[in-house]
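Structural characterization, general
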Amino acid sequence: MAISRRKFVKIVAGTGGALVASGTPLAPLAQAQLSTELPPQATGILYDATLCVGCKACMSKCKAENNVPGGALYKKGRSTPPYEKGNLEANNGIWDAPRELSGDTLNIVKLYKNGSAEVKDRAVNGYAFFKQQCLHCISPACVSVCPAGAFRKDPENGAVYYLAERCIGCRYCQLACPFGVPRYEWDSAWPEVRKCQLCRHRQEKGGIAACAEACPTGATIFGKVVDLREEAKRRLALRPGEEYRYPIQVVGSKDWTLRGAAHYVAQIYGLKEAGGTQNIMLSGISFELLGFKNNIPNYDLPRLTWAYISKVLWVFFWVFATGTATYQITHRKKDKEGQS
């Protein structure tokens, strides 16, 4: 039986009050206690910054493939992807020029540059490209803090996805994410939270992540997380300059490019951070210099959510109640339009 969003809010608000009165945490309504283990068929991405040439084909493909029903950028009535001008003079929509992740950009390639910037993947007088997007935590904090169950983790492939119809606009997911990924549509009349959803809609049809499909150098490849981890470890074991067959699009692909290995930083970013993520990264420059946080604990963060909520339940309920009120206000007109 179908249920309207307004009726859902009333039900949840009522049950939420009852749960608080009984001393039961509200967060389990979103998605029970999260596992700290990889799902059986967990998929992800390996991004190797030493192979990236900054072409941004992944960004273009991401927007095009996610601006469709089921995609992470889909908005009813919008026919073209949400390109950004980037506040650049003379850019009248000629090219997409986002500067940060946003409600319109789920995946972005940036440039690190130092001194003369003569040598690629060198910290001093060098440069490097790096990629930012959701890392799809094995045990995601955004899922654990969402009081309405708008954020979910796919039990099969592990993709962390978002259900807009359940969102109450509290934006607690933004505060909880250790990587600062979720973005809110501040300029939208009917705002949603946007982030990479690992092309879950494409995976359901047997496809792969759009960014990996578009990457010409193999800097971004898709596959089972267990296989991606082994691939990353093999690369870290290479001597600088040693030739290696780098697969294109997917790990283990028959299409590859032969090139000498770069000097890698001895770290697989995402292997341990926040308890581990399904998207992992390699680089020739320290991740701290590339702007990634180096103080993220090596354990799953939802355990902090549960510990905090169990002791300060009224704080969580305040967030829930405020978000519910915000949802009712911002969606009242939209619901009326839908009923007319």
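What comes next is a walk through the structure.

Cut-offs used in this document
- Residues numbered from 1 in each chain as written.
- Predicted model: local features only at pLDDT ≥ 70, side-chain atom pairs only at ≥ 80, totals over all residues.
- Heavy atoms only, no water.
- Core = buried A, V, L, I, M, F, W, Y, C linked by side-chain atoms within 4.5 Å.
- Buried < 20%, exposed > 50% of the residue type's maximum accessible area, 1.4 Å probe, protein only.
- Contact = heavy atoms within 4.5 Å.
- Phe/Tyr/Trp six-rings, centres within 6.5 Å; stacked < 30°, edge-to-face > 60°.
- Helix = DSSP H or I, 4+ residues; strand = E, 2+ residues; numbered from the N terminus.
- Salt bridge = Lys/Arg side-chain N within 4 Å of Asp/Glu carboxyl O.

Considerations on the nonpolar core
Inside soluble globular proteins, nonpolar side chains tend to come together where they are buried. Counting 61 residues, the largest nonpolar core has F179 and Y269 as its most contacted members. Not counting chain neighbours up to four residues away, the residues in contact with Y269 comprise L135, F179, N279, I280, M281, F287, F292, K293 and I296. In terms of nonpolar packing, the next biggest core, distinct from the first, is built from 12 residues, L34, C142, C146 and C173 among them.

Side note on the packing of aromatic side chains
Across all of its chains, the model carries 9 aromatic pairs by this definition. Here Y269 and F292 contribute two aromatic rings whose centre-to-centre distance is 5.3 Å and whose plane-to-plane angle is 50°, an arrangement assigned as tilted. Here F292 lies in the loop between β12 (280-282) and α9 (302-311) and Y269 lies in the loop between β11 (256-260) and β12, a separation of 23 residues in the sequence. The two residues Y269 and F292 agree in class, both being buried.

Re the pattern of salt bridges
When the charged atoms of two side chains with opposite charge come close together, those side chains can pair. On inspection of all chains with the given rule, the structure shows 18 salt bridges. Note that K120 and D121 form a salt bridge whose closest N and O atoms lie 3.1 Å from each other. Take K120: its relative accessible area is 25%, and that puts it in the partly exposed class. The class for D121 is buried, based on a relative accessible area of 14%. In this structure, the salt-bridge partner of D154 is R200, at a minimum N-O distance of 2.9 Å. Linking D154 in the loop between β5 (151-153) and β6 (160-162) with R200 in helix α6 (residues 200-203), this pair joins segments that are 46 residues apart in sequence. Judged by relative accessible area, which is 10%, D154 ranks as buried. Through salt bridges with shared partners, one network takes in D48, E231, R234 and R235.

Don't take any of this as a statement about function, it's just geometry.
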